[in-house]
Amino acid sequence: MADRALPHRRPILVPFTRAVFLLGALAGCDALPPVQMPGRAVVPSEISAGPDAYTLARAAVADGNFSAALSHYVRVLEEYPRGQDGAEVRLEFANVLLYAEMPERALEVAALVPELTRDRELRGRAAILMAIAEHSKVETYLASAPPYEQGRDRARAVYLAMVETYETHGRYDAEGIIPARLGVLREGLANLEIRKMKSERAAGEAATASQRAQYIQLEFGDTQTVRENAQLLQAVALRS
C-alpha cells in the first residue's frame, strides 16, 4: 500500500448520511443514521478491465444495496490489509455494516482501526462509530422489553459511554449524530421507567409508583415520551 499513489480523498458517505439524518429528524428521530464518514475516499490506482471492487462497493451503497456493498468491501479489504488506507477502508466498511443493521460486526471491524493507524482523526472516527454501534445494539435490546433493571443498567452504561466518547472525539462528529442518539436513548429510558411505573401501579404499590412518576418528570421532563404521558404521570405522582 505504501507505494500506491492515491488521488485526492473526499467524503464518500457524507451526502448519503446527511440525507438519511434529515429524513430521520423529520420522522421524529425514529430512525437515525449510523455515522458520518468525513475524510477521504480510498481509490485503488490499479484499475482492471471492468469496474473494480471499490467502485462496485460505492455504487451499491449509493443504490442502497448494502448486501452487495458488503461483499464488494470484503474484496477491497484484501487490497488494503494494513496502514492508514486499510484503516479508512475499514471505517467505510463498518459504516455500511451499520446501515445493513449489523452493529456487532461493525464494532469488530471498527475496533481494528486503532491497530492499523496512529492517525488521531481516524481513531476518533472509529471511536464514534463504535459508540453509535453500541447504541444501535441497546436500542434493539430495549425494544425487546427486557427486565427493568437489566434494561436500565445496560442503557445507562451505553449512555455514559456515548457521553464520554463525544467529550473526547466530538469534533469528528460533524453531523451531531451522537447528541441525536443520546436524545433517542433518553426516550428509551423514559419509556422503560414508565413501563416500570405502570407495573408498580398495577401491583398496588401506589407509593413506589408515585415516587417513580415524580422521578420520571424530573429526570426526563424534556422528552417527548414524558410529554405524551404527562396526564398519567401527574395522576400517579399525586396517587390519583
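Our subject is the structure listed above.
Residues numbered from 1 in each chain as written. Predicted model: local features only at pLDDT ≥ 70, side-chain atom pairs only at ≥ 80, totals over all residues. Heavy atoms only, no water.

Can you help me understand the packing of aromatic side chains in this one?
How two aromatic rings sit relative to each other is set out by the distance from centre to centre and by the angle between their planes. By the definition in use, this model includes four aromatic pairs. Ring centres 5.5 Å apart and planes at 10 degrees place the aromatic pair F66 and Y99 in the stacked group. Here F66, found in helix α3 (residues 66–79), pairs with Y99, found in helix α4 (residues 83–99); they are 33 residues apart in sequence, far enough to count as distant. A relative accessible area of 16% places F66 in the buried class. Measuring from ring centre to ring centre gives 6.1 Å for Y215 and F220, while their planes differ by 90 degrees; the resulting arrangement is edge-to-face. Judged by relative accessible area, which is 31%, Y215 ranks as partly exposed. Aromatic ring contacts, followed pair by pair, group Y54, Y73 and F93 into a single cluster. (Phe/Tyr/Trp six-rings, centres within 6.5 Å; stacked < 30°, edge-to-face > 60°. Helix = DSSP H or I, 4+ residues; strand = E, 2+ residues; numbered from the N terminus. Buried < 20%, exposed > 50% of the residue type's maximum accessible area, 1.4 Å probe, protein only.)

Could you clarify how one ought to interpret the nonpolar core in this entry?
Of all hydrophobic cores here, the largest spans 58 residues; its most connected members are Y73 and M197. Sequence-distant contacts of M197, that is, excluding residues within four places in its chain, are made with A209, R212, A213, I216, L232, L233 and V236. (Core = buried A, V, L, I, M, F, W, Y, C linked by side-chain atoms within 4.5 Å. Contact = heavy atoms within 4.5 Å.)

Would you take a moment to explain the pattern of salt bridges for this structure?
Oppositely charged side chains can pair when the atoms bearing their charge come close. The tally for this structure, following the rule as stated, stands at eight salt bridges. With a closest N to O distance of 3.3 Å, E108 and R105 form a salt bridge. Placement of both E108 and R105 in helix α5 (residues 103–110) is noted, with a separation of three residues, approximately one turn of the helix. When the shortest N-O distance is used, the salt bridge between R186 and D222 registers 2.5 Å. One end of the pair, R186, is in helix α9 (residues 177–202); the other, D222, is in the loop between α10 (206–219) and α11 (224–228), and 36 residues separate them in sequence. You can call D222 exposed: its relative accessible area is 52%. (Salt bridge = Lys/Arg side-chain N within 4 Å of Asp/Glu carboxyl O.)

When you look at helix α12 (residues 230–237) in this model, what are you seeing that I'm missing?
Residues of α12 that are buried include every one of L233, V236 and A237, and no others. Down the axis of α12, the smallest arc covering the buried residues is 100 degrees, so these residues share one side. The elements touched by buried residues of α12 are α9, α10 and α11. Once α12 finishes, R239 follows within two positions and takes phi at roughly 60 degrees, a positive value. (Arc of directions from axis to C-beta.)

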